[in-house]
Amino acid sequence: MSVAPSASARPGAKTLIVYDDRSVRWFMIASIFWGIVGMAAGALAASQLNFWQMNGKFLEWITFGLIQNEGLQYISFGRLRPLHTNAVIFAFVGNMMFAGIYHSTQRLCKCRTASDFLSQLHFWGWNLIIVAAAITLPAGLTRGKEYAELIWPINIAVALIWVVFAANFFWTLAKRNEPTLYVALWFYIATILTVAMLYIVNHLSIPTSLLHSYPLFGGVQDALVQWWYGHNAVAFFLTTPILGIMYYYMPKAAERPVYSYRLSVIHFWSLVFVYIWAGPHHLLNTALPTWLQLLGMLFSLMLWAPSWGGMLNGLLTLRGAWHKLRTDPVLKFFAAGVTFYGMSTFEGPLLSIRSVNAIGHYSDWIIGHVHGGTLGWNGMMAAGMFYWLAPRLWNTRLHSTKLADLHFWSAMIGILLYVGAMWVSGISQGLNLLATTDGGTTLAYPIFTETLKAIRPLMLARLVGGTLYLAGFFLLAYNIYRTARSGQPVDGTVEVAVEEHEPSSVMGPIRSFLNPPILTCGFALLFGCLWLFGGDYLRLLSIFGLILTILIAYAHFSARGLTWGRWYDQLLANALPFSVFTFAAAAIGGVVQILPTVLAYRPENVEDRIQVLYTPLELAGRDIYIREGCYNCHSQMIRTLVPDVMRYGEYSRLGESVYDHPFQWGSRRTGPDIARVGGKYSNAWHYDHTIDPRSVNVDSNMPSFPWLAEQETDIASLHAKLRVQRLVGVPYPEMTESEIAASTEQQARAIALDLRNAGKLIAPEKELVAVIAYLQKLGKSQAVGEAAAAAN
Amino acid sequence: MSPEPSGQPPHEDNLRPHTYDGIQEYDKRLPNWWLLTLYGAIAFAVAFWFVHYEASVVLPDGERVTQELNRVEAVKLAAMVDKLNDPYLWQASRNSAIVANGAATYKSVCQACHAPSLRGKAEDPKYIGANLADNAWLHGGQPTEIFKLVREGYLPRGMPPRGGQPLSDTAVLEAVAFVLSHHREGEPIVVEPPPVQ
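Undergrad: Even after reading the chapter, I still don't get the overall build of chain A, so can you show me in this structure?
TA: Across its full length, chain A holds 27 helices and ten strands. By the compact-globule yardstick of 28 Å for 792 residues, chain A fits well, its C-alpha radius of gyration being 28 Å. The principal-axis extent of the C-alpha atoms belonging to chain A is close to 95 × 75 × 55 Å. The buried share of chain A, reckoned over its 792 residues, is 64%. Looking at chain A alone, contacts between residues at least 24 apart form 82% of all its contacts between residues at least 6 apart. Counting every atom, chain A has about 28500 Å² of accessible surface; 69% of that belongs to carbon and sulfur. When the 55 basic and 48 acidic side-chain charges of chain A are each reduced to a single mean position, those positions are 10 Å apart.

Listed below in structure tokens is the structure:
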């Protein structure tokens, strides 16, 4: 596309543009710092799974008895694991992504970032949020939803800072001196818009106090929204921005052209459209309605090719530059990163097949899968980008290629050890837990801890692998530090001719929307939705409509394909319609899944069974359960699998968690499922098990929770909490503060008395009593008819 | 993918006209195997949806599980021969293989409450389980009565069914045989009835 000189400026006038590389340097340094913090937290958490003493008792040893405790609440696994995940996702990859986006966007737009103030605000805002997270998560302040644990005031800050980022980015696009958008920018646009949508919807909640809130959605609705968010945090926070970064830095480092533009087009749009539908694959074989499970599985399978499109475009860009891998650490890291991306995106669809998922879900296989993506794809791409950037940002040479090579091999061996151990661990424990004998009539391994004992050596191998990876990252930090010290910070410059978009390249709304590609996509989507939700005749009609649309699209593309290409070229010069289409492609899957779920699966529509409401004391106990992060290791969802039912009791019904705000179905069974634990053990058993799990189960790796017997339950906040529960749709009756106090006191006294009869002395005010009350309620439900009768 | 001299695009390729900050793009056609994967996955998805959702050939998850569990129960019922009587259990308690299996189950499940010595509370108040080594029994001391109690539990006193683990009947039997191996047939039995709750 040719560019005409501006009419207002002198034709051919050139201006010198100085890029803002200071922000890039800061984001990069922050990313390295938080990367070390986050990975160290991960290594500590991993050690806790092997050695329960790492939950606090080890402090007693290293201080020679000065600090006496059986478990320190601030570093207990349930609180540390969210700190690890939040730190590596939002702090490490977040800052890395911002460094890459700020650096490459300026160069791809040939203009300085629109506002230095917004860049600074973005940097400080984001990193202060991370500091706030690092304080609140160990303190036990959490929303109880994975990767969405941060409390509501911080949520608002995140949303605001994201808007700052978006404003800065789109403003820069508007000011660009480059007529069209390069593929990296497409991925950045998709990232910014989609993450905003996901984050806001999954964080909708109503505060009960300054530090606590209940999510708007509960039960199955919350589960669906959570994994729509959780899965697409992986898609649009850990994948699309890094793909954009790959598209800029890979050809730069390889000094080779990108392999295929049309592959970029096809894989970008299919990836953005398909990814968002795949969330329910985190809920396979659960109480989630079948049509959603099937959509989750099938779209995950269809995601395989789009993902591999990105891998191909990355790896094949190296054609003609493979020999450079021998000498250039940057390309080494990039090639490994993209390869791990390909491996993870093959493994993901595989794990989404319902029968495979029956083994892998709740097991270490998922942990291995995730780390293949994060350590392999995100970590390696980050390292490659940092090694490429540092010499350019400080105008010098990389301090040591040898050290970078050492980092590469340390990281590579670390990942392989980690992922390999987790595969073996996950598959063997998954198979053990599902195994039956005597013609399928009894469980082969009825004792849960027997299966845990079998994977302990593998969990240790994981710790070693993770530590090796972290050690490599220290080498990176040192290498970058020495590189920076050997040079001077320098901001890149470019001389550009003053340019103006060709008038003919500006697209009006009619040309944007009324054209064959958009019309056929629109009709295909319309007929697809009618097929999903229509009545009998409408469905039949819509299937014919869908086939007809595809045939027309195919015929038109065969005959007049060039017009499609020209339209797309023109679209690339128009950031606004491009962004609108990107957002629409990413939003549609969520709308189709979430809207019907929110409308249909409400408490009043529940068939079969519905859960009995928690008493105020049980609700308080539940909030303590969430505070301690118990959901990180205990699921509350018995799947529709025979071995699950044999082990834990009847499969969980949709109505049995319908009042749970937030839902607690869990994602990993480091311990057994507890959906029906209520009434299974005595209060005294729970007392012993919570304070010292090994006193009732010698092989347990659960942390001890001695502080629950010391701290007092927060009864004062219950009035506000019950009010919010009513607001989000839980049918609690109005209760005055004194009624709540009386109810909690009565129930707590009864439990404390029962415990005293068993020789356990505890005051009824203690948190442990509330937790026991909650645990004994789990699995209590009634037939829907009874519930209605009781209400009237 | 043989190494090619850098900077020399393979001659069959056409580069896109535009350059972005020095980055060029080929426009190579999509690999056939990749297209096959894409179209294959879409075709599979449509077919799978038809079979599992539209055609209702496959049972809904809940019904499938219920059906399978019915089958399991039928097999179990058929296998239940009337061998569980007191002499049979006494005999089992003298079989070293059965007692060894029972000892292992006792160690991982029962011992936490009933103490390694079987003496439970009498050993140390920190144990919450009853004394299994003396002649006083809360719920009847005949072998079949002990077996029934272990199988069904008695929560008011803190005894969960099957010790709180999904143990098979065989495992329960072995554990009971292990306990009985500490007793003699015909020894005096004192029964204290459980308190009324």
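Undergrad: Explain the overall build of chain B here, please?
TA: On a plain count of helices and strands, chain B comes out with six helices and two strands. Taken from N to C terminus, the helices and strands of chain B fall in the order α-α-α-α-β-α-α-β. Here chain B holds 197 residues, and 39% of them are scored as buried. Summarising the internal contacts of chain B: among those between residues at least 6 apart in sequence, 54% fall at separations of at least 24. Accessible area for chain B stands at about 11200 Å²; split by element, carbon and sulfur atoms hold 57% of it.

Undergrad: Would you mind going over the environment of V698 of chain A with me for this structure?
TA: Residue and element names in this part refer to chain A. Tracing the sequence through the fold places V698 in the loop between α23 (683-691) and α24 (718-727). With relative accessibility at 48%, the residue V698 sits in the partly exposed group. C-alpha separation for the pair V698 and T449, spaced 249 residues apart in sequence, amounts to 8.9 Å.

Undergrad: Help me out: how do you make sense of the environment of V24 of chain A in this one?
TA: Residues and elements named next belong to chain A. Residue placement: V24 occurs in helix α1 (residues 22-50). V24 gets classed as buried once you look at its relative accessible area, which sits at 0%. Separated by 71 residues in sequence, V24 and N95 place their C-alpha atoms 9.2 Å apart. Aside from chain neighbours lying at most four places away, what touches V24 is A99, Y102, H103, Q106, L389 and L393.

Undergrad: Looking at this structure, I do not really get the packing of helix α3 (residues 77-109) of chain A against helix α4 (residues 116-136) of chain A. What am I missing?
TA: Helix-helix packing is characterised by the crossing angle of the two axes and by the distance between the axes. Residues and elements named next belong to chain A. Two elements in contact, α3 and α4, have axes whose closest approach is 10 Å; the angle formed by their N-to-C orientations is 170°. Comparing the axis directions of α3 and α4 gives the class roughly antiparallel. Residue-level contacts link L83, F90, A91, G94, N95, F98 and Y102 of α3 to S119, H122, W126, N127, I130, A133 and A134 of α4. Across the contact of α3 with α4, the residue classes break down as nine nonpolar, five polar and no charged.

Undergrad: How should the interface of chain B and chain A be read in this particular structure?
TA: Interface extent is often summarised as the accessible area lost during association of the parts. The interface of chain B with chain A comprises 66 residues on the first partner and 76 residues on the second. Buried surface at the junction of chain B and chain A, both sides included, amounts to about 6300 Å², of which 65% is carbon and sulfur. Area buried by chain B at its contact with chain A is led by Y20, D21 and W49 of chain B, which between them contribute 11% of it. The interface formed by chain B and chain A includes four salt bridges. D21 of chain B serves as the salt-bridge partner of K252 of chain A, at 3.2 Å between the closest nitrogen and oxygen. For the pair chain B and chain A, the number of links is 16 residue pairs in polar contact (both at pLDDT 80 or more). Taken together, the elements giving at least two residues each to the side of chain B that touches chain A come down to α1 (32-54), α2 (61-79) and α4 (96-114) of chain B.

Undergrad: Can you help me understand the environment of G372 of chain A in this one?
TA: All names here are of chain A. For G372, the position within the fold is in helix α14 (residues 364-393). Spatially, the C-alpha atoms of G372 and V490 are 35 Å apart, while their sequence positions differ by 118 residues. In contact with G372, other than residues within four places in its own chain, are F340, S344, W377 and V419.

Undergrad: Explain a nonpolar patch on the surface to me, please; I cannot follow it from the model alone.
TA: Residue and element names in this part refer to chain A. There is a patch of nonpolar side chains on the surface, built from I510, F513, L514, L519, F523, L526, L576 and V580 and spanning about 790 Å² of accessible area. Elements supplying a minimum of two residues to the nonpolar patch: α17 (509-513), α18 (516-533) and α20 (575-600). Counting residues per element, the nonpolar patch draws most heavily on α18, at three residues. One can find I510 in helix α17. You can call I510 exposed: its relative accessible area is 61%.

Undergrad: Could you clarify how one ought to interpret the nonpolar core in this entry?
TA: Soluble globular proteins: nonpolar side chains tend toward being buried together. Ranked by size, the top nonpolar core spans 247 residues in total, and within it M28, W186 and F236 of chain A carry the most contacts. For this core, the leading source of residues is α3 of chain A, giving 17 residues. Residues L89, V150, L167 and L173 of chain B belong to the second largest nonpolar core, which totals 24 residues.

Undergrad: Sorry if this is basic, but what is going on with the side chain of T449 of chain A here?
TA: All names here are of chain A. Residue position: T449 is located in helix α16 (residues 448-486). Take T449: its relative accessible area is 7%, and that puts it in the buried class. Not counting residues up to four positions away in its chain, the partners in contact with T449 are N697, D699 and S700.

Undergrad: Before we go on, may I ask you to explain the pattern of salt bridges in this structure?
TA: One side chain can pair with another of opposite charge once the charged atoms of both are near each other. Residue and element names in this part refer to chain A. Within the structure shown, the criterion is met by 42 salt bridges over all chains. Across the salt bridge formed by D364 and R668, the nearest N and O atoms sit 2.9 Å from each other. Residue D364 is found in helix α14, and its partner R668 is found in the loop between α22 (642-648) and α23; the two are separated by 304 residues along the sequence. On the accessibility criterion, R668 (7% relative accessible area) is buried. E656 is the salt-bridge partner of R609, the closest N and O atoms lying 3.6 Å from each other. With R609 in strand β9 (residues 609-611) and E656 in the loop between α22 and α23, this residue pair connects regions lying 47 residues apart in the sequence. Here R609 matches E656 in class, with each residue buried. Linked through salt bridges whose partners overlap, the residues forming this network are D608, R609, E650, R653, E656 and R676.

Undergrad: Would you mind showing me how to read the packing of aromatic side chains here?
TA: Here the distance between the centres and the angle between the planes together describe a pair of aromatic rings. In total, this model carries 59 aromatic pairs over all chains according to the counting rule given. Relative to F165 of chain A, the ring of W162 of chain A lies with its centre 5.2 Å away and its plane at 80°, an arrangement referred to as edge-to-face. Highlighted residues: W162 of chain A and F165 of chain A, both in helix α5 (residues 152-174), separated by three residues, approximately one helical turn. The pair formed by W162 of chain A and F165 of chain A is uniform in burial state, with each residue classed as buried. On the numbers, 5.0 Å between centres and 40° between planes, the contact of Y182 of chain A with Y20 of chain B is tilted. With Y182 of chain A in the loop between α5 and α6 (183-202) and Y20 of chain B in the segment before α1, the pair connects residues from two separate chains. Taken as a pair, Y182 of chain A and Y20 of chain B share a single burial class, namely buried. One aromatic cluster is present, formed by W26, F27, F90, F98, Y102, F123, W124, W126, W162, F165 and F237 of chain A through successive ring pairs. Across the ring face of W388 of chain A, the terminal group of R392 of chain A is positioned such that the distance to the ring centre comes to 3.9 Å.

Undergrad: Looking at this structure, how should I read the side chain of E618 of chain A?
TA: Structurally, E618 of chain A can be placed in helix α21 (residues 616-627). Look past the residues within four positions of E618 of chain A in its chain and what remains in contact with it is L613, Q747, A773, Y774 and K777 of chain A.

Undergrad: Before we go on, may I ask you to explain unusual backbone geometry in this structure?
TA: Residue and element names in this part refer to chain A. Here the amide bond leading from H661 into P662 is cis, since omega sits at -5°, within 30 degrees of zero. Along the chain, P662 falls in the loop between α22 and α23. Notably, Y147 is not glycine yet its phi reads approximately 60°, a positive angle. On the accessibility criterion, Y147 (16% relative accessible area) is buried. In this model, N395 sits at a positive phi of 50°, which is unusual for a non-glycine residue. Note that N395 resides in the loop between α14 and α15 (401-434).

Parameters at a glance
- Residues numbered from 1 in each chain as written.
- Chains lettered and ligands numbered in written order.
- Predicted model: local features only at pLDDT ≥ 70, side-chain atom pairs only at ≥ 80, totals over all residues.
- Heavy atoms only, no water.
- Helix = DSSP H or I, 4+ residues; strand = E, 2+ residues; numbered from the N terminus.
- Rg over C-alpha atoms; globule rule 2.2 N^0.38 Å.
- Buried < 20%, exposed > 50% of the residue type's maximum accessible area, 1.4 Å probe, protein only.
- Contact = heavy atoms within 4.5 Å.
- Areas by Shrake-Rupley, 256 points an atom, 1.4 Å probe, with all protein chains shown as cover.
- Lys, Arg positive; Asp, Glu negative; His and termini not counted.
- Charge placed at Lys NZ, Arg CZ, Asp CG, Glu CD.
- Axes fitted to C-alpha atoms, helices over the stretch in contact; angles between N-to-C directions.
- Parallel < 35°, antiparallel > 145°, perpendicular 65-115°, else oblique.
- Nonpolar A, V, L, I, M, F, W, Y, C, P; charged D, E, K, R; others polar.
- Buried area = accessible area lost by both parts, 1.4 Å probe.
- Salt bridge = Lys/Arg side-chain N within 4 Å of Asp/Glu carboxyl O.
- Polar contact = N/O pair within 3.5 Å; in protein donor to acceptor, adjacent residues only side chain to side chain.
- Patch = residues over 30% accessible without salt bridge, like charges linked within 9 Å, V, L, I, M, F, W, Y side chains within 5 Å.
- Core = buried A, V, L, I, M, F, W, Y, C linked by side-chain atoms within 4.5 Å.
- Phe/Tyr/Trp six-rings, centres within 6.5 Å; stacked < 30°, edge-to-face > 60°.
- Lys NZ or Arg CZ within 6 Å of the ring centre and 35° of its normal.

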